[in-house]
Amino acid sequence: VFPVHLWVWREPTVTTLEAELCSRRYWDQEVKRAQKDAQEPSLVKAIIKCYWKSYFIWGMFTFLEEGTRVVQPIFLGKMISYVENYDPTDSAALHIAYGYAAGLSACVLVWAVLHHLYFYHMQRVGMRLRVAVCHMIYRKALCLSSSAMGKTTTGQIVNLLSNDVNRFDQVTMFLHYLWVGPLQAIAVTALLWMEIGISCLAGMAVLIILLLLQSCFGKLFSSLRSKTAVLTDDRIRTMNEAITGIRTIKMNVWEKSFIGLITRLRRKEISKILKSSYLKGMNLASFFAVSKSIILVTFISNELLDNLITGSQVFMVVMLFEALRFSSTLYFPMAIEKVSEAIISIQRIKNFLSLDEMSQCYAQLPPDGEIIVDVQDLTGFWEKASETPTLQGLSFTVRPGELLAVVGPVGAGKSSLLSAVLGELPLSQGKVSVHGRIAYVSQQPWVFSGTVRSNILFGKKYEKERYEEVIKACALEEDLRLLREGDLTEIGDRGIPLSEGQKARVSLARAVYQDADIYLLDDPLSTVDAGVSRHLFQQCVCQALKEKITILVTHQLQYLKDASQILILKDGKMVKRGTYFEFLKSSVDTFSIFDKGNKQSEPSPVPGTSTVISESLGRPLQSPRPLLKGAAQEEQDTENIQVTLPLEGHLEGKVDSKTYANYFTAGAHWSVIIFLILVNIAAQVRKGIYLDLWLTLSTILFGIIRSLLIFYVLANSAQTLHNKMLESILRTPVLFFNRNPIGRILNRFSKDIGHMDDLLPQTFQDFIQMFLLVIGVVGVMVASIPWIAILVIPLGIIFFVLRWYFLRTSRDVKRLESTTRSPVFSHLASSLRGLGTIRAYKAEHKFQKLFDAHQDLHSEAWFLLLMTSRWLAVYLDVICAIFVTVVAFGALILTDALNPEEVGLVLSLTITLMGMFQWCVRQSAEAENMMISVERGIEYTDLEKEAPWEYEHRPPPSWPLDGRISIDNLKFRYSLDGPLVLKNLDTFIGSREKHGIVGRTGAGKSSLIAALFRLSEPEGDIKIDGILTTSIGLHDLRKKMSVAPQEPVLFTGTMRNNLDPLNEHTNEELWNALEEVQLKDTIKNLPGKMNTELAEYGLNLSVGQRQLVCLARAILKKNQILIIDKATSNVDPRTDELIQTKIRERFAHCTVLTIAHSLSSVINCQGIMVLDSGRLKETGQPNDLLQNRNSLCYKMMQQLGKDEVAVLPEREKQDREFFLKFVSGLFDKISIWDLIKSTLWPK
């Protein structure tokens, strides 16, 4: 074992280096050559250039290996000839016979050595090729352009990394047999011609017909693989979306819909797999039946030609055909099958690698020392085919110390503007000059698995003083104190246990800690409450980033006065750009009114302080803040990004017999299993050396039936097991998805299911046939020469002990190999979600190194599995070689007691047994190792389930009539061992009342919604119209409440399917819902209108538009209870106000709970609940709370820096009148005036 470990630790370094060599050198060269010649690049050429030398050299081993197999029958024939002409007095002939026996033994031993050397090195080549291609796929994923992202999905990339690249492991082993097989057939034909003459051509004709037929199968394999791969892409993509949006699916009661959708995709996929499996079954059946047919036809032809044939010739002919059996009737058709499938996989990978990459790439460091963002006449399209540009004619310049605020309605192009600066948006005209290092905060905050600290550092060295300043500036101090382990708390794949606001501030802290030159902030203030928002703007944007270039997209219009420039966008066009002072300079009174409203909250300018920007910009003057202490140069303070993935548990010991029983009975009833066993026995009855026409035909027939039946049963087992896994997954609580990274779940639905579909049935078929053949061969040998049992029985015992010893290790190695795949998929999924952030920080190389590290870990486990399997094979074959040697020399020693037929039979069967016996033992061990995938699948069929979807006693169909919600002593935690996130809540919401829920980010507002929907079981009582929510089924509860979540979740498909997945509403109802959320015109302007296809996660819509689609979805349900969980946080104030008005009108007779950060969103509610640290601090009517200067609600207003209770209504009225007067006089075009009016001061 020690040398194995040395190999394991050395191998990954080589594979990673080769991966980079293959991808950067050969593939890139091929791409350049193709571009030069105006051709498509060929991945096959790149692979050949990289690996042809080593592959060709090791390929010569198989030529020598098969050469030794052809020589063995010659030595066997000479030995039998000696026995036929046995002369006890002829010592010279005896010595020659001993030489033949030694030659036979040497051939057997040399074959074993060459065979395993060849397969070991071919598997290494396959592994290196697989790792290299995976490296290339991930590297490509990090470079994909926005248009390319619309042409692929996470599911497709996961399928490429799990199933398509596996073809390289398989094709490399058998590819050489495409030329070795025919060469060996020619050599055998020549030897047969020398022995029996022209009659050998009859048998070879059967072989040639078979080979031609199997070559035709290759086209079928290609076609089926191509169709299967597309269906698998769709299934894994849908599974990925289901896992990602599991909260939305559960709250909307869509589990059954998704089970039906994925099951239908799986049914289509399995139908193609079953056809492919039938072809594989035919190939395997031909392997076991064709040798009999060839021998039968040859000897019939020989008899018809009246040719005499001796016993030695008979056995030599049989063994020569037996030599062809593996190379021509097993490995050759397998090579055709694997090559056909590999060609499709290579084509799919090549298509992915040929997708468009980001065309723009701006220098991060200024060549002339000037840091600047300069945009001139920018026009760009997300889609080349689109007629309307995403951005059109934009021009602006931002210099250090300036803050550019970008505002506009939903879908105006604000995020696209930042994408253009990042180089993500393809430009059709204009110029974008970016000089300086960029830090970017995306609109939907992205965090990866690891500690809070590692997410903030993002590869930078930890410097305590600087780090603490960043934490303070980003208002994270209190949040980190509430976490169990502070900033060393590990967060999961989806950011659990952080709230959306906390994730946004972690993303902001990451940007600030980078100490970049240019900061692009995409609305980071919308996901936090008003007090934190003000802190972030003052302490972070205005203070910590004061000397930086900052471009802030925001809907928080109260901060515009502090901006150096304001850019107003609508429909991708610039409506107006200027300073706040320029907007107000037409009236001195206007400025004084704004100034009056801020006297209490804004610090006075420091006298005599120089400013970076001109005084006319209206920005409060503060002393310039030096760079964060400890800021170091970019190249001197970086280190590896620390990603932490939770360890995946696995079973130990042997695979339980129940696993086998569950697997086989999942595909067929016990009666079918018993019938299958009987067919297997029938196929082997009297299958010996004796030839009979009808027996041979019946053997072939039963062999084909057996193969097809095995593949049918096991394909059905895989389908049934997949469906059980799927249903079990969607019945688990949300906690399961919080604890398990997405890659871990996808691993079981891609790689493990792929093993059950592809490799496991073939392995079982191989093992069953080999096992029955071995039983038959041993039976014939013992019946012919009973003393052979003295050797066979110990041989069987030794093999059994070796198998037991091997499986003790290999089972756990296989489990390790399975679990080490999961981090690869998790890292990929996480990287694709944070692609914009990774590219903005130029962290592609760091994430590539992380991916390679995950791959290396998997390669170590895989290589160890390869080595242990080869160790068993070598031991088995060496023991078999010793067995052949003993039998060969024993037969010569006991020549006096044996006749030539017995010697020929025993020797031929011994050589045959040598290959069969060890292959049978290896396949039995491989079958058990493959059963680990079944074990992992069955493990997911027995997960902890949430409460039943329906109980026998269900609430009345009209429930709830009034929508009264009573909460008594509510405690809530997301896991049994987790901390309480809601503590002793007591409140009552009356019939049809409108209540707002406010509180600091992380206070437990969204957790209250989780408790209402029972995403985890709450403690205490929640009653709706007097019915205890825990006393009814989850579906009966959840389908009676509508929710619009903060984090919008859309699925691949049409807009109509996203609005109405269950197809319950008319087109008129859908359009009305879109009109109520101000999206009707936007959707009508799309090319396909309601049938427009949405990209994965709805990426072809803005985040605000996605939120509005989710809100429309909730409105469509027409339930008595509507919950709005910060569903308009990424929406402009005008749209937000219109939506709030519509909701008040539309749901006047419903109970509405509105969670909001902005008090203006809930100020018209009948009641407000204020949460803090999981406790209900106060509740009451808005007027009462605002009039109480000691209330938290009043303090939240004060945190805005304005006396909202006394001043806000009057000032809003005055500000609107002055501003509209000013704007109407400034612009001649009424459309521009209307836009400014509606954008900045909604009615």
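Everything quoted here is computed from the prediction, not taken from an experiment.

Definitions and cut-offs
- Residues numbered from 1 in each chain as written.
- Predicted model: local features only at pLDDT ≥ 70, side-chain atom pairs only at ≥ 80, totals over all residues.
- Heavy atoms only, no water.
- Buried < 20%, exposed > 50% of the residue type's maximum accessible area, 1.4 Å probe, protein only.
- Helix = DSSP H or I, 4+ residues; strand = E, 2+ residues; numbered from the N terminus.
- Pairing = 2+ DSSP bridges.
- Axes fitted to C-alpha atoms, helices over the stretch in contact; angles between N-to-C directions.
- Parallel < 35°, antiparallel > 145°, perpendicular 65-115°, else oblique.
- Contact = heavy atoms within 4.5 Å.
- Nonpolar A, V, L, I, M, F, W, Y, C, P; charged D, E, K, R; others polar.
- UniProt positions renumbered as here; feature names shortened; annotations may be inferred.
- Expected span 1.5 Å × (residues − 1).

## A short note on the pairing of strand S22 (residues 1167-1172)
Then, number 1: For S22, the buried fraction is high: five of the six residues fall into the buried class.
Then, number 2: The sheet contact formed by strand S14 (residues 994-999) and S22 spans five bridges and is parallel. Bridging from a neighbouring strand, Gly999 pairs with Leu1171 of S22.
Then, number 3: Sheet topology note: the S22/strand S23 (residues 1175-1180) ladder contains five bridges and is antiparallel. Counted as the bridge partner of Val1170 is Glu1178 from S23.
Then, number 4: A loop of two residues connects S22 with S23, the two strands running antiparallel in sequence, and Ser1173 in this loop sits at a positive phi of about 55 degrees.

## Side note on the packing of helix H11 (residues 311-353) against helix H24 (residues 742-784)
Then, number 1: Put simply, H11 and H24 touch, their axes get as near as 15 Å, and they point 170 degrees apart. Judged by the inter-axis angle, H11 sits roughly antiparallel to H24. For the pair H11 and H24, contact is made by Arg325, Phe326, Met334, Glu337 and Lys338 and by Gln762, Met770 and Leu773, respectively.
Then, number 2: In the contact of H11 with H24, the residues fall into four nonpolar, one polar and three charged.

## Thoughts on the environment of Ser454
Then, number 1: Structurally, Ser454 is set in helix H13 (residues 452-457).
Then, number 2: Among the residues examined, Ser454 registers a relative accessible area of 9% and is labelled buried.

## Details of the sheet that holds strand S13 (residues 982-989)
Then, number 1: With antiparallel pairing, four strands are arranged side by side in an open sheet as S13-S12-S15-S16. This sheet does not close on itself; its edge strands, each paired only once, are S13 and strand S16 (1027-1028).
Then, number 2: In this sheet, S16 lies alongside strand S15 (residues 1019-1024) in antiparallel orientation, the contact comprising two bridges. Bridge pairing in S16 links Ile1024 to Ile1027.
Then, number 3: Docked against the sheet, helix H30 (residues 1005-1012) engages strand S12 (965-972), S13 and S15, running at close to 110 degrees with respect to S12.

## Focus on the sheet that holds S23
Then, number 1: Ordered by their spatial adjacency, six strands build an open sheet running S17-S20-S21-S14-S22-S23, and the pairing between neighbours is mixed. Whereas interior strands pair on both sides, the edge strands pair on one side only; in this sheet they are strand S17 (1041-1044) and S23. Pairs of neighbouring strands in the sheet enclose a mean axial angle of 15 degrees, with direction left out of account.
Then, number 2: Strand direction decides the pairing type here: S17 and strand S20 (residues 1121-1125), joined by four bridges, are parallel. In the sheet register, Ala1044 faces S20, and the bridge partner there is Ile1124.

## A word on the UniProt feature "transmembrane region" (unreviewed entry) in the protein chain
Then, number 1: Mapped onto this numbering, the UniProt entry annotates "transmembrane region" (unreviewed entry) at residues 97-120, 196-217, 660-681, 693-715, 764-782, 872-893 and 905-921.
Then, number 2: Along residues 764-782 one finds 100% helix and 0% strand; the C-alpha atoms at either end are 27 Å apart.
Then, number 3: A helix fraction of 100% and a strand fraction of 0% characterise residues 905-921, whose end C-alpha atoms lie 23 Å from each other.

## Focus on helix H26 (residues 822-833)
Then, number 1: The end-to-end C-alpha distance of H26, which contains 12 residues, comes to 17 Å, matching closely the 16 Å that a straight helix rising 1.5 Å per residue would cover.
Then, number 2: Among the 12 residues in H26, 11 count as buried, and that is most of the element.
Then, number 3: Within H26, burial applies to Ser822, Pro823, Val824, Phe825, Ser826, His827, Leu828, Ala829, Ser830, Ser831 and Leu832.

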